Amino acid sequence: MNAVERQVAWILDQNPDFSPLDTIFLTNRLLADCGDEALALPAKDDALANLDQLVKAGVQAGKTPDTLVGRQILEAELMSWAAPKPSTVNRLFWEKYADAPRRATDWFFHLSQADNYIQTRAIAKNIAFPAHTDYGDLEITINLSKPEKDPKDIAAAAKVKASGYPACALCLENEGYLGRLDAAARGNHRVVRLAVGGRTWGFQYSPYAYFNEHAIFLDSVHEPMRISQQTFANLLDLVTLLPDYFVGSNADLPIVGGSMLAHEHYQGGRHTFAMAKAPVEKPVALGIDNVSCSIVKWPMSVLRLTSDDKMALTAAAERIREAWASYSDETVDVRATSNGVPHHTVTPIARRSGTAYQLDLVLRDNQTSAAFPDGIFHPHADVQHIKKENIGLIEVMGLAVLPARLQTELAEVEKYLLGQPNEMREAHKPWADQLKLAGDWTATNCHERVLQAVGQVFSRVLEDAGVFKRDATGQAAFARFCATLQ
């Protein structure tokens, strides 16, 4: 059996849209993408290993440019044959959902991995470890999954005029899209449609996942993100639909929001973050029947609402959001607006707690100042050698997504701590000098201690992002805000 025959056999086993009668058709479709010379390739047992062979053959046959984007487009097109039609995916998902929501998501997740939409091999490159802190075990990831851009693609992209279609990377129009220099290949991409808040939404998985079953829920309409009472209702509807998943939204303002503010979307998955495990500290009186509210022991400022009544919970969340939108406390640098520009919003996260519902509302403030030009409640300069980027939904919950540069930079820090020749960045030196004072550093303990020290920096990053600090002054200010909610 050659590589093409092996891949066709796998497609027939994977995709219910095809039967053995389609063998010749599929063979010719693969040859159209990778060239007739692929018939001479020996078969590999693994579908992804076969895929690599076929892509290489396609490049050699001149079917696609020998660039990262060219190879990604060909990969997605070859794997598109393994993914059922969108209509079939939706039919099968809801048939399985009728038996159990978990059965449907298990199937869809496996499909998204099998057809290589979820980049399992790239994700496996990430460095991940727990960090033990006063707030529980935070999760640290050094993100190595996204490949660096090919210089040839960068040069070519400079000459390409943007088409405006799809409008962004989250639009439904990406489903099956060929891809181009400035838009990812999505031939193997499938989206489940569902109803949220009376509108059509899409449910898909993240191709470069940061946690288990990292899902994305996206509005079918390309509109900017906006946190409102409808947001809370939508999140609760989604965790009703998928009770094994949490679902949360990035904030809707720059600095404190995520990287994709142009398209309304949420993220979720089957994962329990450190923030969800964090205990509550103090009750907060809201005066709303059947809704409990408490301050969460967390480096950021979080109110946790719990109820078995979704409407009451939504109303309570909106009361807090509205109060925070207009609340100022100059004693702790909290200001709702400046020159008419709003600064306050929330990062909301919904989950099930037994039969009840929980909504965590993380208070956000995106002010800047002369002292803190990147953001008053943003990682401050002394921790930006580890984390400078926005603190979005994932970080808020206790999972650090750190830049790939740290893989090599931390190795140089370790050499410095061990007194070895090194090329440590100057930005790390104040931190490394502090670490040096923390006891004996040996080849045996150095690596793990540096990783744990990174975790402590991330804990500080979250404290920087907290609007009401964990000291007596900050907690008194938090109590004053909570008193306005009754």
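Owing to the predicted nature of the structure, the values given are computational and were not obtained by experimental measurement.

Reading the values: rules and limits
Sequence order sets the numbering: in each chain, residues are counted from 1 along the sequence as written. Owing to the predicted nature of the model, reporting of local features is limited to residues with pLDDT of at least 70; listing and counting of side-chain atom pairs is limited to 80 or more, with chain, interface and lining totals taken over all residues. Here the side-chain values reflect all heavy atoms present in the structure, with hydrogen atoms and water set aside. Here, strands pair whenever DSSP counts at least two bridges between them. For helices the rule is a DSSP run of H or I covering at least 4 residues; for strands it is a run of E covering at least 2, with both sets numbered from the N terminus onward. Orientation is described by lines fitted to C-alpha atoms, with helices fitted over the stretch in contact, and by angles between N-to-C directions that extend from 0 to 180 degrees. Any pair of residues with heavy atoms lying within 4.5 Å of one another is described as a contacting pair. Here a cavity denotes grid points, spaced 1 Å and computed from the protein atoms alone, that fit a 1.4 Å probe unable to get out, and a pocket denotes an open set having protein on both sides within 12 Å along at least 5 of 7 lines; residues with an atom within 4 Å of a point are the lining. Grid points are joined across faces, edges and corners, and a volume is the space filled by probe spheres set on the points. When residues are grouped by polarity, Ala, Val, Leu, Ile, Met, Phe, Trp, Tyr, Cys and Pro land in nonpolar, Asp, Glu, Lys and Arg in charged, and all others, Gly among them, in polar. A pair of Phe, Tyr and Trp rings is counted when the ring centres sit within 6.5 Å of each other, with Trp represented by its six-membered ring. The angle between the planes then sorts it: under 30 degrees is stacked, over 60 is edge-to-face, the rest tilted. Residue burial is assigned from relative accessible area. The probe radius is 1.4 Å, only protein chains are included, and a residue is buried under 20% of its type maximum, exposed over 50%, and partly exposed in between. The rule is short: NZ of Lys or CZ of Arg within 6 Å of the ring centre and within 35 degrees of the ring normal puts a charge over the ring. Any two cysteine sulfur atoms lying within 2.5 Å of each other are counted as a disulfide. Here, expected helix span is obtained from the residue count minus one, scaled by 1.5 Å.

Structural notes on the sheet that holds strand β15 (residues 399–402)
Line of reasoning, step 1. Reading across from one edge, β1-β2-β15 is the order of the three strands in this open sheet, with mixed pairing throughout. Both edges of this open sheet fall to β1 (127–133) and β15, since each of them pairs with a single strand only. Within this sheet the neighbouring strands show an average axis-to-axis angle of 25°, counted without direction.
Line of reasoning, step 2. When strand β2 (residues 136–142) meets β15, the two strands line up parallel, connected through four bridges. Considered in β15, the bridge of isoleucine 142 is made with leucine 402.
Line of reasoning, step 3. Running over the sheet, helix α15 (residues 446–465) touches β1, β2 and β15 and is turned about 70° from β1.

Description of empty space enclosed by the protein
Line of reasoning, step 1. For the structure on display, the rule yields one cavity of 30 Å³ or more.
Line of reasoning, step 2. If you go around the largest cavity, the residues you meet are Pro101, Arg102, Thr105, Leu242, Pro243, Asp244, Tyr245 and Arg270.
Line of reasoning, step 3. In terms of residue class, the lining of the largest cavity is made up of four nonpolar, one polar and three charged.

So, the packing of aromatic side chains
Line of reasoning, step 1. For the coordinates displayed, the defined rule picks out 25 aromatic pairs.
Line of reasoning, step 2. Both rings, one in phenylalanine 93 and one in tryptophan 94, keep their centres 5.0 Å apart while their planes meet at 85°; by these two values the pair is edge-to-face.
Line of reasoning, step 3. Considering the side-chain rings of phenylalanine 93 and phenylalanine 203, the 5.9 Å spacing of their centres and the 75° angle between planes classify their relative orientation as edge-to-face. In this pair, phenylalanine 93 sits in helix α5 (residues 86–99) while phenylalanine 203 sits in strand β4 (residues 199–205), placing the two residues 110 residues apart along the sequence. For the pair phenylalanine 93 and phenylalanine 203, one class covers both residues: buried.
Line of reasoning, step 4. Through a chain of ring-to-ring contacts, the aromatic side chains of Phe93, Trp94, Tyr97, Phe108, Phe109, Phe203, Tyr205, Phe217 and Tyr245 assemble into a single cluster.
Line of reasoning, step 5. The aromatic ring of tyrosine 416 is capped on one face by lysine 436, whose charged end is 4.2 Å from the ring centroid.

With respect to the sheet that holds strand β3 (residues 192–196)
The strands that make up a sheet pair up through hydrogen bonds in the backbone, lying either parallel or antiparallel.
Line of reasoning, step 1. In space, the 10 strands of this open sheet follow the order β3-β4-β5-β7-β6-β13-β14-β10-β9-β8, with antiparallel pairing throughout. The open sheet has two edge strands, β3 and β8 (280–283), and neither has a second partner. For this sheet the average axis-to-axis angle between neighbouring strands, irrespective of direction, equals 25°.
Line of reasoning, step 2. Those strands touched by α5 are β3 and β4, and its axis lies near 60° from that of β3.
Line of reasoning, step 3. The strands that helix α9 (residues 229–241) touches are β3, β4, β5 (215–219), β6 (246–248), β7 (265–269), β13 (344–353) and β14 (356–365); relative to β13, the one it contacts most, it runs at about 20°.

Considerations on the state of the cysteines
Line of reasoning, step 1. Applying the stated criterion across every chain, the model contains zero disulfides.
Line of reasoning, step 2. Cysteine 482 carries a free sulfur, and the closest cysteine sulfur to it, the one in cysteine 293, is 6.5 Å from it.

Topic: the pairing of β7
Line of reasoning, step 1. The buried fraction of β7 amounts to five of the five residues, a majority that puts the element mostly inside the structure.
Line of reasoning, step 2. Of the two faces of β7, the one lined by His265, Gln267 and Gly269 and the one lined by Tyr266 and Gly268 are each fully buried.
Line of reasoning, step 3. As paired strands, β5 and β7 are joined by four bridges and run antiparallel to one another. Within β7, the position partnered with alanine 215 by the bridge is glycine 268.
Line of reasoning, step 4. Across three bridges, β6 lies against β7 in antiparallel orientation. Residue pairing for β7: valine 247 is matched across the bridge by glycine 268.

A word on the environment of valine 291
Line of reasoning, step 1. Among the structural elements, valine 291 can be located in the loop between β8 and β9 (292–296).
Line of reasoning, step 2. Sequence spacing of valine 291 and aspartate 308 is 17 residues, and the spatial spacing of their C-alpha atoms is 8.1 Å.
Line of reasoning, step 3. For valine 291, the contacting residues outside a window of four places in its chain are Leu286, Leu305, Thr306, Ser307, Ala312, Leu313 and Ala316.

So, the side chain of threonine 141
Line of reasoning, step 1. Relative to the elements of secondary structure, threonine 141 occurs in strand β2.
Line of reasoning, step 2. By relative accessible area, threonine 141 is classed as buried at 7%.
Line of reasoning, step 3. Among residues more than four places away in sequence, those in contact with threonine 141 are Asn126, Ile127, Ala128, Leu399, Ala400, Val401 and Leu402.

Some remarks on helix α6 (residues 101–114)
Line of reasoning, step 1. Here α6 is 14 residues long and its end C-alpha atoms lie 20 Å apart, about the 20 Å a rise of 1.5 Å per residue gives.
Line of reasoning, step 2. Considered for burial, the residues of α6 that qualify are Ala104, Thr105, Trp107, Phe108, Phe109, Leu111, Ser112 and Ala114.
Line of reasoning, step 3. Those residues of α6 hidden inside the fold are in contact with α1 (3–14), α4 (68–80), α5, β3 and β4.
Line of reasoning, step 4. Positive phi appears at asparagine 116, one or two residues downstream of α6, with a value of about 70°.

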